[in-house]
Amino acid sequence: MGAMRAAVEPGFVIKTLIPYNKTFGDNFKRGMVTSINPASNSVTLDNGETVPFTHLYIATGSKGPFPGKLTNPMSVSMEEGKSLYNGIVKQVEKADNIVLVGGGPVGVELAGEIATDYAGKKKVTLVHPHEKIADQNTNDKFQANLKGELEKLGVNLVLGERVSNLDSLPMGCTTQNLNTVKTDKGKEIEANLVVPCTGLRPNASAYQSSLGDQMEKNGSLKVNEYLQVEGHKNIYAIGDCANVKETKLAYNAGCHADLVTKNLENEAKGNELKPYKPSGFFMALSIGRNAGIMTSGGWVMPSWIAKNVKAKQLFVPMTWKNMGQPVPEMKK
């Protein structure tokens, strides 16, 4: 939530990291699951502790490069997380020529944040291997509006080209000298800050050793219409780690959570379980704090709607409210 703004706006990170223990109290246990044991209905943590369950809900999300994701979230404390984002804020501040590698939602939103907060002060280039950015399922109007908003902010779009020397480039740190970002079509782009925004993958670390037979090649878990993992009626997978054929969005993960919660109640009452039915395609992206783009069922909304729905506050007040906590105030 708000990671891209936290990578650009000083101090915003405190609004993006929510302490779970304050919400869940004694029902919260921090630890990394190393194995799932269906036969004994238990999970094993990295400290050796065994935790029993009657129902297991796997919501491990996805993993990817920083700043889109914390690289090793289970080994990062709250203070370390804040330090990491405050660090990338300083790198962005120092850089003059910034190249973002990857034009999915992370790359698009980060480009919008930088270009908005440093309007006309930094050269921002977004490199993406496809002609469509953000999501391949979007229509031509969505693409035209999105690219138009980015170009209006001065973002240079290099599409249909893949960075060919990514492994040799310094990532996430501003260098005094310019580095040359090369594409597979021969283009060379100078940059003193390169930020990886490449695709996210399901985080399978908790279940790959135990439920490997139920995994897709990309690491997601095979689920049925009730979001139960294949072959296990009391083990569910929701969000990015489930192989549901839909775009991986926080909104859809919330729909998964609502369904399995309702079905837990249905099961307790002896009622039939309700199947999950993916809704029509929906996506909302912020392009800085002053613009955005949103589509639902093929309709593309005006930028001002996306601005008010998402870009202004990034669902921050709603999320903290749902967690029963007040939004922390940023230090001036």
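Residues numbered from 1 in each chain as written. Predicted model: local features only at pLDDT ≥ 70, side-chain atom pairs only at ≥ 80, totals over all residues. Heavy atoms only, no water.

1. Thoughts on the sheet that holds strand β15 (residues 292-296)
Spatial strand order, β14-β15-β16: three strands in an open sheet with antiparallel pairing. Every other strand in the sheet has two partners, leaving β14 (282-286) and β16 (299-301) as the edge strands with one partner each. Pairs of neighbouring strands in the sheet enclose a mean axial angle of 15 degrees, with direction left out of account. Where β15 lies against β16, three bridges are found, and the strand directions are antiparallel. Within the sheet, the bridge partner assigned to Met 294 lies in β16 and is Met 301. The sheet contacts of helix α5 (residues 140-152) involve β14, β15 and β16, and relative to β15 the element is tilted by about 170 degrees. On the sheet, helix α7 (residues 303-311) packs against β14, β15 and β16 and is oriented at approximately 95 degrees with respect to β15. (Pairing = 2+ DSSP bridges. Helix = DSSP H or I, 4+ residues; strand = E, 2+ residues; numbered from the N terminus. Axes fitted to C-alpha atoms, helices over the stretch in contact; angles between N-to-C directions. Contact = heavy atoms within 4.5 Å.)

2. A closer look at the layout of surface pockets
Taken as a whole, the second largest pocket spans an internal volume of roughly 150 Å³. Contributing to the lining of the second largest pocket are Pro 10, Gly 11, Val 13, Ile 14, Lys 82, Asn 86, Val 89 and Lys 331. The residue makeup of the lining of the second largest pocket, split by class, is four nonpolar, two polar and two charged. (1 Å grid on protein atoms, 1.4 Å probe; cavity = no way out; pocket = protein on both sides within 12 Å on 5 of 7 lines; lining within 4 Å. Points joined across faces, edges and corners; volume = space filled by probe spheres on them. Nonpolar A, V, L, I, M, F, W, Y, C, P; charged D, E, K, R; others polar.)

3. Observations concerning the side chain of Glu 9
Within the element layout of this structure, Glu 9 appears in the loop between α1 (3-6) and α2 (20-24). Discounting residues that sit within four places of it in the chain, Glu 9 has contacts with Val 89, Asp 117, Arg 289 and Met 330.

4. Observations concerning the sheet that holds strand β8 (residues 156-159)
If you walk across this open sheet you meet the four strands as β8-β7-β6-β11, and the pairing is parallel. Of all the strands in the sheet, just β8 and β11 (193-196) have a single pairing partner and so form its edges. The sheet shows a mean angle of 20 degrees between the axes of neighbouring strands, direction not considered. One ladder, built from four bridges, connects strand β7 (residues 123-128) with β8; its direction is parallel. Its bridge partner being in β8, His 128 is matched across the sheet by Leu 159. Set on the sheet, helix α4 (residues 105-117) makes contact with β6 (97-101), β7 and β11; between it and β6 the angle comes to about 160 degrees.

5. A word on the pairing of β14
Across the five residues that make up β14, a large majority, four, are buried. In this antiparallel pair of consecutive strands, β14 and β15, the connection spans five residues, and Gly 288 shows a positive phi of 75 degrees. (Buried < 20%, exposed > 50% of the residue type's maximum accessible area, 1.4 Å probe, protein only.)

6. Side note on the packing of aromatic side chains
Evaluated as defined, the whole model comprises five aromatic pairs. When the centroid spacing of 4.9 Å and the interplanar angle of 20 degrees are considered together, the rings of Tyr 57 and Tyr 236 count as stacked. Here Tyr 236 lies in strand β13 (residues 235-237) and Tyr 57 lies in strand β4 (residues 56-58), a separation of 179 residues in the sequence. Looking at Tyr 57, the relative accessible area reads 29%, which means it is partly exposed. Residue placement shows Lys 122 over the ring face of Tyr 118; its charged tip is 4.5 Å from the ring centre. (Phe/Tyr/Trp six-rings, centres within 6.5 Å; stacked < 30°, edge-to-face > 60°. Lys NZ or Arg CZ within 6 Å of the ring centre and 35° of its normal.)

Shape is all these values report; function is a separate question.
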